[in-house]
Amino acid sequence: MNKNWWKILATVLVLYSIIAGFLFHVPAKPILNETIRNIHFHVPMWFAMIVMLTVSFIYSIRYLNSANENDDLMAVESANVGIIFGILGLVTGAVWAKYTWGEAWSNDPKQNSAAIALLVYLAYLVLRNSLEEEQKRGKISAVYNIFAFPIMVVLLFILPRMTDSLHPGNGGNPGFNTQDMAPELRPVFYPAVLGWILVSTWITTIRYRIRKVENRENLIN
Amino acid sequence: MDLLNQVKFLIRKEIMLEWRSKYALNGILLYVVSTVFVCYLAFREITSPPTWNALFWIIMLFASVNAITKSFIQESRGRQLYYYTITSAQAIIISKIIYNIFLMLLLSAIALGFYTLVFKNLLGDPLFYFFAVLLGSISFASVFTMISGIASKANNAGGLMAILSFPVIIPLLVVLIKLSKNAMDGLDRSVSYDEIGVLIAINIIVITTSLLLFPYLWKD
């Protein structure tokens, strides 16, 4: 029980954010209107993705120093979960964009950057598949992971800020960012972010343990 | 032998190896020239500046992937083991990056020359455009050298090279295209300082991570 408190917290927070996200009062902004509720679902996906990819980066560094197989497993599983959340983020964003921007894909710099970041991590998985020997696979894919991560940071955090984006809060759109997010949204938004980050961590630990059990079985047989 | 001397010797070795066979150099130059010519026959003329710019960078992208893929594959495992015993890993990666920068500078100068010869020249600020191209070739060299090192360790290095390098090079390419477009439109040079700064920053990050990571790759 003591160890599981954060899993309960994650469930409670996510359930709360879903119920509150749909039912609570939201400010009526031009263009956005009720679609503003998407902030409680779309943005936490990116937070979860970035946290998971950072975890993957850290475990890749650890693997290079320790050559411990478990670190490699953790790196690949957190990358997997990060990719899933990235895809969810793209999909929730595209559905929302269809209603507010008129097109599911509008050549927005943030949209493009997110898609490219996913390509980097899909390439990481392809690289892993092309290597047979486990230690070599771990080492080489860790090198690629560490090499790609700083470039992904530039891609996600610096390049979109150099051009105008259609995203709310950028380029004179009505909207919100950390400074001017409407106060009514905050009590739901921050718990949602925390909840989804915890859920992604939970999924990663489960996947990691499954992989460890599988490895042990392979070893015995 | 200290690092500087090792790097100098290794670069000289690369150039000498290249000069003896001339196979890679001639091959890649022919590749660029024929690609430009194929594009010329397909397009005939390009009147819109964005297309002109985009086509040039696409040609450069494929040419540089082709040029740099070989940098780790062409040498046999036995010879690599020999280098491993006598030099440090840092010296190897620095020398490869520097050699590839030379190669890319040559390649891009020839590509740009031939491209402007065949297609009508639309450049507003040719000198600054040339500077953007030079900066681009340095960026390509620094990113692709490390990726080709990674790809060379896997089976099917050629195919993997494109998959691994394209997503990584796209951010650089986006900035490069913007920078060169500014130069093309003949905008004031001070407009582009942001882009130049980002490019230099990314290059520094890439080269430092390469230096840190290559020893792990090389030890194998």
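What counts and how
Residues numbered from 1 in each chain as written. Chains lettered and ligands numbered in written order. Predicted model: local features only at pLDDT ≥ 70, side-chain atom pairs only at ≥ 80, totals over all residues. Helix = DSSP H or I, 4+ residues; strand = E, 2+ residues; numbered from the N terminus. Buried ≥ 20, exposed ≤ 12 C-beta atoms within 10 Å, placed from the backbone. Contact = placed C-beta atoms within 7 Å. Rg over C-alpha atoms; globule rule 2.2 N^0.38 Å. Axes fitted to C-alpha atoms, helices over the stretch in contact; angles between N-to-C directions. Parallel < 35°, antiparallel > 145°, perpendicular 65-115°, else oblique. Left-handed = near helix turned anticlockwise from the far one by under 90°. Nonpolar A, V, L, I, M, F, W, Y, C, P; charged D, E, K, R; others polar. Expected span 1.5 Å × (residues − 1).

1. Notes on the overall build of chain A
When you go through chain A residue by residue, the secondary structure sums to six helices and zero strands. Buried residues in chain A amount to 41% of all 221 residues. The contacts in chain A between residues at least 6 apart in sequence include a share of 75% that link residues at least 24 apart.

2. Some points on the overall build of chain B
From N to C terminus, chain B includes eight helices and zero strands. Starting at the N terminus and walking to the C terminus, you meet the elements of chain B as α-α-α-α-α-α-α-α. Computed over C-alpha atoms, the radius of gyration of chain B comes to 18 Å, within 12% of the 17 Å expected from 2.2 N^0.38 for 220 residues, which places it in the range of a compact globule. For the C-alpha atoms alone, the extent of chain B along its principal axes is close to 55 × 35 × 30 Å. Looking at chain B residue by residue over its 220 residues, the buried ones come to 40%. The contacts in chain B between residues at least 6 apart in sequence include a share of 84% that link residues at least 24 apart.

3. Digging into unusual backbone geometry
The backbone phi angle of A:A67 is positive, close to 55°, even though this residue is not glycine. Following the sequence through the fold, A:A67 ends up in the loop between helix 2 (39-66) and helix 3 (69-100). The backbone of B:R44 shows a phi angle near 65°, a positive value even though the residue is not glycine. Topologically, B:R44 is positioned in the loop between helix 2 (23-43) and helix 3 (49-73).

4. A short note on the packing of helix 1 (residues 5-23) of chain A against helix 6 (residues 186-220) of chain A
Residue and element names in this part refer to chain A. In contact at an axis separation of 8 Å, helix 1 and helix 6 are set at 135° when each is read in the N-to-C sense. Comparing the axis directions of helix 1 and helix 6 gives the class oblique. Helix-helix and strand crossings are classified by hand; for helix 1 and helix 6 the assignment is left-handed. Across the interface between the two elements, W6, K7, L9, A10, L13, V14, Y16, S17, A20 and G21 from helix 1 touch V188, P191, A192, L194, G195, W196, L198, V199 and W202 from helix 6. Of the residues that constitute the contact of helix 1 with helix 6, the class distribution is 15 nonpolar, three polar and one charged.

5. Examining the interface of chain A and chain B
It is common to report an interface's size as the accessible area lost on association of the parts. With 24 residues of chain A at the interface, the matching set in chain B holds 23 residues. Looking at which element gives the most residues to the side of chain A that touches chain B, the answer is helix 5 (residues 134-162) of chain A, with 15 residues. Residues that form the side of chain A that touches chain B fall into these classes: 21 nonpolar, one polar and two charged.

6. As for the environment of B:F37
You can see B:F37 is positioned in helix 2. It is 43 Å that separates the C-alpha atoms of B:F37 and B:K219, two residues lying 182 residues apart in sequence.

7. A look at helix 6 (residues 126-152) of chain B
Here helix 6 of chain B is 27 residues long and its end C-alpha atoms lie 37 Å apart, about the 39 Å a rise of 1.5 Å per residue gives. Burial of helix 6 of chain B is extensive: 21 of the 27 residues sit out of reach of the surface.

8. Considering the packing of helix 3 of chain A against helix 6 of chain A
Residues and elements named next belong to chain A. Where helix 3 meets helix 6, the closest approach of the two axes is 9 Å, and the angle between their N-to-C directions is 135°. As the angle between them shows, helix 3 and helix 6 are arranged oblique. In the packing of helix 3 onto helix 6, the handedness of the crossing is right-handed. Together, N70, L73, M74, E77, S78, N80, V81 and F85 of helix 3 and S200, I203, T204, R207, Y208, R211 and K212 of helix 6 make up the contact between the two elements.

9. Here we look at the environment of A:L159
Relative to the helices and strands, A:L159 resides in helix 5. You can call A:L159 buried: it has 22 C-beta atoms within 10 Å. In sequence terms A:L159 and A:G86 are 73 residues apart; their C-alpha atoms lie 18 Å from each other. Not counting chain neighbours up to four residues away, the residues in contact with A:L159 comprise A:P109, A:S113, A:V154, B:P171 and B:V174.

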